[in-house]
Amino acid sequence: MSRPFEILGLQQIAVGAASKEPLRKLWVDMLGLAPSGHFVSEKENVDEDIVLLGSGPFQVEVDLMQPLDPSRSPRVDQPALNHVGLWVDNLLVAVEWLTAQGVRFAPGGIRKGASGHDIAFLHPKANEEFPIAGAGVLIELVQAPPEVIAAYRK
């Protein structure tokens, strides 16, 4: 089967806990990842610290997340590995082609993500209409900027 797009590499992982403190202790203090930013969204019920692994176009973002309100959804701390982000060379083409193949996407369509890149999420669960999904994992497709595409294609 010929795909009209390419998954280039890992863009991010997002991990959650009831509190970000133990996450920062592990990822920043113990493993040495560099703090980079902070993102808060009432709609997504998330308070997130962004830390970085590596450098340049192969840098991987690790999002350390806690829910703003643990009594409401979405619960970004359940499961603890919230989602995996993958660089894609052409997000629009990927979403159109995958949808036509029966892949289920989460509501919200293509939109700007916390890092400023266009994103779309594959739903973790299939349904009757869309029999292919993330097999229990929320997968974020992230539009790679030109420098990332060029680096992966060297």
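Preceding this section is the structure that the text describes.
What this report covers is the structure whose coordinates are included nearby. (Residues numbered from 1 in each chain as written. Predicted model: local features only at pLDDT ≥ 70, side-chain atom pairs only at ≥ 80, totals over all residues. Heavy atoms only, no water.)

## Concerning the overall build of the chain
Right, so step 1: The secondary structure content of the chain amounts to 3 helices and 8 strands.
Right, so step 2: When its helices and strands are written in sequence order, the chain yields β-α-β-β-β-β-α-β-β-β-α.
Right, so step 3: Here the chain has a C-alpha radius of gyration of 16 Å; the compact-globule value for 154 residues is 15 Å, and the two agree.
Right, so step 4: Its C-alpha atoms give the chain principal-axis dimensions of roughly 45 × 40 × 20 Å.
Right, so step 5: Taken over 154 residues, the chain has a buried fraction of 44%.
Right, so step 6: Sequence-distant contacts in the chain: of pairs separated by 6 or more residues, those separated by 24 or more amount to 57%.
Right, so step 7: When the accessible surface of the chain is summed, it comes to about 8300 Å², and 58% of that surface belongs to carbon and sulfur atoms.
Right, so step 8: Of the side chains in the chain, 13 bear a positive and 19 a negative charge, and the two mean positions are spaced by 1 Å. (Helix = DSSP H or I, 4+ residues; strand = E, 2+ residues; numbered from the N terminus. Rg over C-alpha atoms; globule rule 2.2 N^0.38 Å. Buried < 20%, exposed > 50% of the residue type's maximum accessible area, 1.4 Å probe, protein only. Contact = heavy atoms within 4.5 Å. Areas by Shrake-Rupley, 256 points an atom, 1.4 Å probe, with all protein chains shown as cover. Lys, Arg positive; Asp, Glu negative; His and termini not counted. Charge placed at Lys NZ, Arg CZ, Asp CG, Glu CD.)

## Comments concerning the environment of Ile 139
Right, so step 1: Looking at where Ile 139 falls in the secondary structure, it is placed in strand β8 (residues 138-143).
Right, so step 2: It is 15 Å that separates the C-alpha atoms of Ile 139 and Lys 112, two residues lying 27 residues apart in sequence.
Right, so step 3: Leave out the neighbours within four places in its chain, and Ile 139 touches Val 84, Leu 86, Ala 120, Phe 121, Leu 122 and Gly 134.

## What about unusual backbone geometry?
Right, so step 1: A cis amide bond, omega -10°, links Ser 73 with the succeeding residue Pro 74.
Right, so step 2: In this model, Gln 78 is joined to Pro 79 through a cis peptide bond whose omega is 0°.
Right, so step 3: As for its placement among the helices and strands, Pro 79 is situated in the loop between β4 (60-66) and β5 (81-88).
Right, so step 4: A positive phi angle is found at Asn 45, which is not glycine, with a value near 55°.
Right, so step 5: Assignment of secondary structure puts Asn 45 in the loop between β2 (34-41) and β3 (46-53).

## Description of the packing of aromatic side chains
Right, so step 1: Overall, the coordinates contain 2 aromatic pairs when judged by the stated rule.
Right, so step 2: Here Phe 5 and Trp 97 contribute two aromatic rings whose centre-to-centre distance is 5.8 Å and whose plane-to-plane angle is 65°, an arrangement assigned as edge-to-face. One end of the pair, Phe 5, is in the segment before β1 (7-16); the other, Trp 97, is in helix α2 (residues 91-100), and 92 residues separate them in sequence.
Right, so step 3: Taking 4.9 Å as the distance between ring centres and 80° as the angle between the ring planes, the aromatic pair formed by Phe 58 and Tyr 152 counts as edge-to-face. With Phe 58 in the loop between β3 and β4 and Tyr 152 in helix α3 (residues 146-152), this pair connects stretches of sequence that are 94 residues apart.
Right, so step 4: Given a relative accessible area of 45%, Phe 58 falls into the partly exposed group. (Phe/Tyr/Trp six-rings, centres within 6.5 Å; stacked < 30°, edge-to-face > 60°.)

Purely spatial values, then, with no claim about function.
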